[in-house]
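So the chains spell out like this:
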Amino acid sequence: MGWVLGDSLGETVPSVFISGAGPAGLVLGNLLRAEGIDCVIAERRSREHVEQRARAGFLAANSVRILTRHGLAAGLEAAGRQHDTCAFRGEHGQFELKYSQLGRGEIHTVYPQQFLVRDLIGEFLDRDGEIRFGTSIAAIDAQQGEVTLDNGETLGARFVAGCDGRHGVSRQAVPGRTYRRDHGISWLALLAEAPPSMASVMYAIHPNGFAGHMARTATVTRYYLQVPKNTDPATWPDDRVWDELNLRMRADRYGALNQGPIIERRIVDMTSFVREPIQHGRLFLAGDAASLISPSAAKGANLALMAAEVLAKALSQAIKTGDSTLLDGYGAECLPRIWRAQEFSHWMINLLHAPSGDSEEAVFARSLQRARLASLQCSRAHQDFFAENYIGV
Ligand code: FAD
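Only a predicted model underlies this, so the values are computations on that prediction, with no experimental measurement involved.

Further remarks concern unusual backbone geometry. For residues that are not glycine, phi is negative in most cases, and the peptide bond is trans in most cases. For the bond running from E276 to P277, omega is -5°, close enough to zero to count as cis. By the element assignment, P277 lies in the loop between β17 (262–276) and β18 (279–280). A positive phi is found at D128, a non-glycine position, where the angle reads about 65°. Positionally, D128 belongs in the loop between α5 (113–126) and β8 (130–133). The class of D128 is exposed, set by a relative accessible area of 65%. For N230, which is not glycine, the phi torsion reads 65° and is therefore positive. Relative to the elements of secondary structure, N230 occurs in the loop between β16 (221–227) and α6 (238–248). Under the relative-accessibility criterion, N230 is labelled exposed at 75%.

Pasting the structure below:
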């Protein structure tokens, strides 16, 4: 099917309308502008809000390659930090995996998502892109390429990119199904104004539940604590957080954590979903709008960047030549990668969590978890498999 060049509404419309100024929408917008394609981004939040919203921090090597390839990596080259080791700590001790020496030998770059978003907004505006902050999309007509804003205004576009994240509206405009899994696990996600306590990412397995440590900057560290579902973050004041983190990280054996004020605390439920299909008519989903992945394996932002690059190439081809071959194959290109990442994230969830208690099922699950960790500690083949999936998508 070839797209008709021109608009359906008989008026001047942008070539591409993008819903959402997260990593997916902003990378897509920048790549389209680099090709000279006009596009408009609508973002329901303010610029200040999205430039300060702390989320991801670990960029895989392929994400860095994408950003570098398209001239979007100046910020992360200046301030990003290379990271190549993760460690597991449990009742039987701890071991480290230096993944720069395993699998394909790749590393992460630690660069907080809000810094990346700030860089991408600046670059998009420099490339004469238009962003309407504080503009919420209420509905999308995928066949017509019509976007209705929450003030009732209707805008047309030749193509619409649904990059509005897990809570956006674009997914609903694609007929199909959302395949969802609630893993029944919640994390209290914390940002501490304290330097990282160790050089590696730390995954701590404890009878009280999982605890995680991930560097963000020289002065800010992300921590996670597994907590019961529906926990109110307010029931975790700073003292309680540090006591529990030190306990689960076994500070008595390995040394106390660097403490400081907790500057953000929120609950993150381990839920995952994949929408299928991820395209309909003139609408194409990318990033968390297409697939939400639990943060256990730090894949969401990386998947968003990869989808944005694939979609940018396909839209450029369709807009510039009228050839829709790449656009037609967009879902088939992205979905296998999404499912592979989901599979690894699911594997990580089972590695990091096991039920407490003395029931046969709980003891069985904990024994499997111990066996998995022992295999990861001892088997070079297992370590290579882990590294390839941990760093790659
Ligand atoms: P988003 O970043 O959610 O952007 C969507 C945008 O759309 C938002 O700005 C939103 O305001 C806007 N929007 C929503 N609805 C509308 C509407 N109706 N109209 C207009 N605009 C709308 N991933 C990693 O790869 N590595 C990590 O280390 C990592 N750590 C994480 C830690 C935490 C605590 C969390 C919560 C997530 C983490 N992730 C990580 C996941 C990552 O943050 C997301 O996958 C990523 O933000 C997805 O980008 P996106 O552009 O698809 O969606």
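Next comes the rest of the account.
A separate point is the layout of surface pockets. Taken as a whole, the second largest pocket spans an internal volume of roughly 670 Å³. Lining the second largest pocket are 34 residues, and of these E91, I205, H206, Q369 and L373 sit closest to its centre. Mapped onto the lining of the second largest pocket, the elements with two or more residues apiece are β5 (85–90), β6 (93–98), β13 (177–192), β16 and α11 (360–378). Examining the composition of the lining of the second largest pocket, we find that six residues originate from one element, α11, more than from any other. Considered class by class, the residues forming the lining of the second largest pocket number 13 nonpolar, 15 polar and six charged.

What follows concerns the pattern of salt bridges. Opposite charge on two side chains lets them pair, provided their charged atoms get close. Within this structure, the stated rule accounts for 17 salt bridges. Note that K320 is salt-bridged to E35, the shortest N-O span being 2.6 Å. Of this pair, K320 sits in helix α8 (residues 300–321) while E35 sits in the loop between α1 (23–34) and β2 (39–43), and the two are 285 residues apart along the sequence. Among the salt bridges present, the one from D182 reaches K229, with a minimum N-O distance of 3.3 Å. Separated by 47 residues along the polypeptide, D182 in strand β13 and K229 in the loop between β16 and α6 bring together distant segments of the chain. For D182, a relative accessible area of 46% translates into the label partly exposed. Note on K229: relative accessible area 33%, which makes it partly exposed. When salt bridges with common partners are traced through the structure, they connect R65, R104, E106 and E388 into a single cluster.

Thresholds applied
Residues numbered from 1 in each chain as written. Predicted model: local features only at pLDDT ≥ 70, side-chain atom pairs only at ≥ 80, totals over all residues. Heavy atoms only, no water. Helix = DSSP H or I, 4+ residues; strand = E, 2+ residues; numbered from the N terminus. Buried < 20%, exposed > 50% of the residue type's maximum accessible area, 1.4 Å probe, protein only. 1 Å grid on protein atoms, 1.4 Å probe; cavity = no way out; pocket = protein on both sides within 12 Å on 5 of 7 lines; lining within 4 Å. Points joined across faces, edges and corners; volume = space filled by probe spheres on them. Nonpolar A, V, L, I, M, F, W, Y, C, P; charged D, E, K, R; others polar. Salt bridge = Lys/Arg side-chain N within 4 Å of Asp/Glu carboxyl O.

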